[in-house]
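A look at the structure
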Amino acid sequence: MTGLPEEQSASIIPIEVLTREATWRRLAELARRTDRPPREVEDAALALNERVEPAWRSIDDELAALVYDSDQDPQALENVRSLSSSTRRLTFQAPELLLEVEITLGRPRTLVCQVVPPQPAVLEVRLESGILSSETDSFGTFHVPSVPPGPFSLRCSPLGQAEGYSERAGPVATSWVRI
Amino acid sequence: MAEGAENEVAELVAAAQRGDDSAWRALVARYLDLVWAIARGHSLDNCDAADVTQTTWMRLHEQLPRLTEPSRVGAWLATTARRESLKVARERRRQVPVLLTERYGERALSALAAPPADESIRGADSERDRMLWQAFGELTPSCQALLRALTADPPPRYSELSAALGMPIGSIGPTRARCLDRLRANLLSLSAPTGRSETGDTGGKARRTTTQTEPTEREVS
C-alpha cells in the first residue's frame, strides 16, 4: 500500500483504506466523467448572445421583477386543486408600473396581461422562437390567444401617460419566467 | 484565488457588455459546469437541471448591462442557480402524489429527491460508479450541494461557493471535511455485505487518463 503514489491509489485501493482526500478525488473524477451538462444546454447558453436581438436588452429598460407567482403560493395551489382548468398568475413590478399576467394552462395556453395603472402600451412577448408584438387596448389589456411552453419575458412600452399621471412611464422588461 | 483571475473575469464581463460574443462564450465556458453542478447538487434530475441552467444564463444575459460588480459574476451566477434550484426542488416536492407519501411517509419524499438515479447518469457504467453515486445520494442535502458544487470544472472559488450555498466562507473547509468523512462512511457501509469484490474493477485507471483530455477540448470550443 505504502509504495503507491496518492494519485493512483484512489482508483485501486480498497474502500476500507480510502483516505478523505482519496474519497474526494474519486467523487470529483466521477462527477466530471459522468455528469457534465448536456450539449444542448451548453449550446443554448452559448447562443443566447447571438439569438437575442439587441433591442431586447436595451439598457434603458427598467427591469420588472417577478413579485408574485401563484406557482410559489401554497394558498393558491390549494385552490387550484379543486378547479378543472388551472391558471397561473404572475405579477411583475417596475418602479412606475405593474404587469399582471394570467396564463390559462389549457390547449392552447392563453396569456392575458394587464398594465397597472391602466394605460395604452406596446407589449412584446419575447419567446425562444421570436417576439409577438401588439398594442394593448386603451385600458392596458393585452391578450395572446396561444403561447408555447418555455421561457418568456414581456417588454412593455407605454404609449401615453396613465390617468392622473403627468408623465409617460419608460419602457419596462420583465425577468424571464418559464411557463 | 489570485486578483489576476478576478480582473480577467471582470474584463470578460465588460467585453460581453459591449456585445463581444467571444467574451460571452468564454463566460459560458468558465461557469457552465458550476451552474450545472449547483443544480445537480440540489437533487434535480437532468431535465430540471437543464431548465435551471438555461434560466440562470438567461437571467445573466438580461442582467448583463446592469451588473455592478463584474468581477463577482461567478458568485452572481451561483446565487441565481441556487435560488432557481431551490424553487424547482420545492415545486417537485409538492408534486409528489399524496397517496405515495401517505403510504410510505417521508421516505417516499427522500427517495424521489435522491439525485443521480442510475438512468439519469449517462456515463455511470460500472458497479463502482453506481455505488459511489448511491453513497453520495445518502448524504444530507447540504453535503450534496457543497460536494457537488466543488466538483465543478474549473473548480469554483470559495467566494462563489459561499454564494452558491449561502454559507460563510470560513465554514466551507470544515464542512467539506465532515461531508467527505460521511461519504466515506456511507461507502464503507454499502460495501460491507459484499466485501471488497467491487474494488477489483481495474478498468478505472484507463478511464482516468481519457477524462483528462476533456477540459482542453472544451476550452478550445
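Summarised in this report is the structure supplied together with it. Please read these numbers as outputs of a predicted model, since none were measured by experiment.

In this structure, A:P117 follows A:V116 across a cis peptide bond, with omega equal to -5 degrees. One can find A:P117 in the loop between β4 (110-116) and β5 (121-127). The omega torsion across B:D153 and B:P154 is 0 degrees, close enough to zero to call that bond cis. Among the secondary structure elements, B:P154 is positioned in the loop between α8 (141-150) and α9 (158-165). Of note in the backbone geometry, B:S43 takes a positive phi value of approximately 65 degrees without being a glycine. Note on B:S43: relative accessible area 21%, which makes it partly exposed.

Attention now moves to the pairing of strand β3 (residues 98-104) of chain A. Residues and elements named next belong to chain A. Of the two faces of β3, the one lined by L99, V101 and I103 is fully buried and the one lined by L98, E100, E102 and T104 carries no buried residue. Pairing analysis gives seven bridges linking strand β2 (residues 87-93) to β3, with the strands arranged antiparallel. Looking at β3, one finds that L90 is bridged to V101. Connecting β2 to the antiparallel partner β3 that follows it, the hairpin turn spans four residues. In textbook terms, the turn of a hairpin is the stretch between consecutive antiparallel strands, and for β3 and β4 this stretch comprises five residues.

A few words now on helix α10 (residues 172-191) of chain B. Here α10(B) contains 20 residues, and its C-alpha end-to-end distance of 28 Å stays within 8% of the 28 Å for a straight helix at 1.5 Å per residue. Among the residues of α10(B), B:I172, B:T175, B:R176, B:A177, B:C179, B:L180, B:L183, B:N186, B:L187 and B:S191 are the ones counted as buried.

On to the nonpolar core. Core analysis: the biggest nonpolar cluster contains 58 residues, and B:W24, B:Y31, B:W57, B:L60, B:V73, B:L147 and B:L183 have the highest contact counts within it. What B:Y31 contacts, discounting residues up to four positions off in sequence, is B:V9, B:W57, B:V73, B:G74, B:L77, B:R157 and B:E160. Counting 25 residues, the second largest nonpolar core, distinct from the first, contains A:L97, A:I103, A:V115 and A:A121.

Another point: the packing of aromatic side chains. All names here are of chain B. Enumeration according to the criterion identifies two aromatic pairs over all chains in this entry. Ring plane angle 85 degrees and centroid distance 5.8 Å describe the contact between W24 and W57, whose orientation is recorded as edge-to-face. Separated by 33 residues along the polypeptide, W24 in helix α2 (residues 21-41) and W57 in helix α3 (residues 46-63) bring together distant segments of the chain. Residue classification places W24 among the buried residues on the basis of a relative accessible area of 0%. Here W133 and F136 contribute two aromatic rings whose centre-to-centre distance is 5.7 Å and whose plane-to-plane angle is 75 degrees, an arrangement assigned as edge-to-face. Remark: F136 and W133 occur in helix α7 (residues 127-137); sequence separation between them is three residues, near one turn of the helix.

Cut-offs applied
Residues numbered from 1 in each chain as written. Chains lettered and ligands numbered in written order. Predicted model: local features only at pLDDT ≥ 70, side-chain atom pairs only at ≥ 80, totals over all residues. Heavy atoms only, no water. Helix = DSSP H or I, 4+ residues; strand = E, 2+ residues; numbered from the N terminus. Buried < 20%, exposed > 50% of the residue type's maximum accessible area, 1.4 Å probe, protein only. Pairing = 2+ DSSP bridges. Expected span 1.5 Å × (residues − 1). Core = buried A, V, L, I, M, F, W, Y, C linked by side-chain atoms within 4.5 Å. Contact = heavy atoms within 4.5 Å. Phe/Tyr/Trp six-rings, centres within 6.5 Å; stacked < 30°, edge-to-face > 60°.

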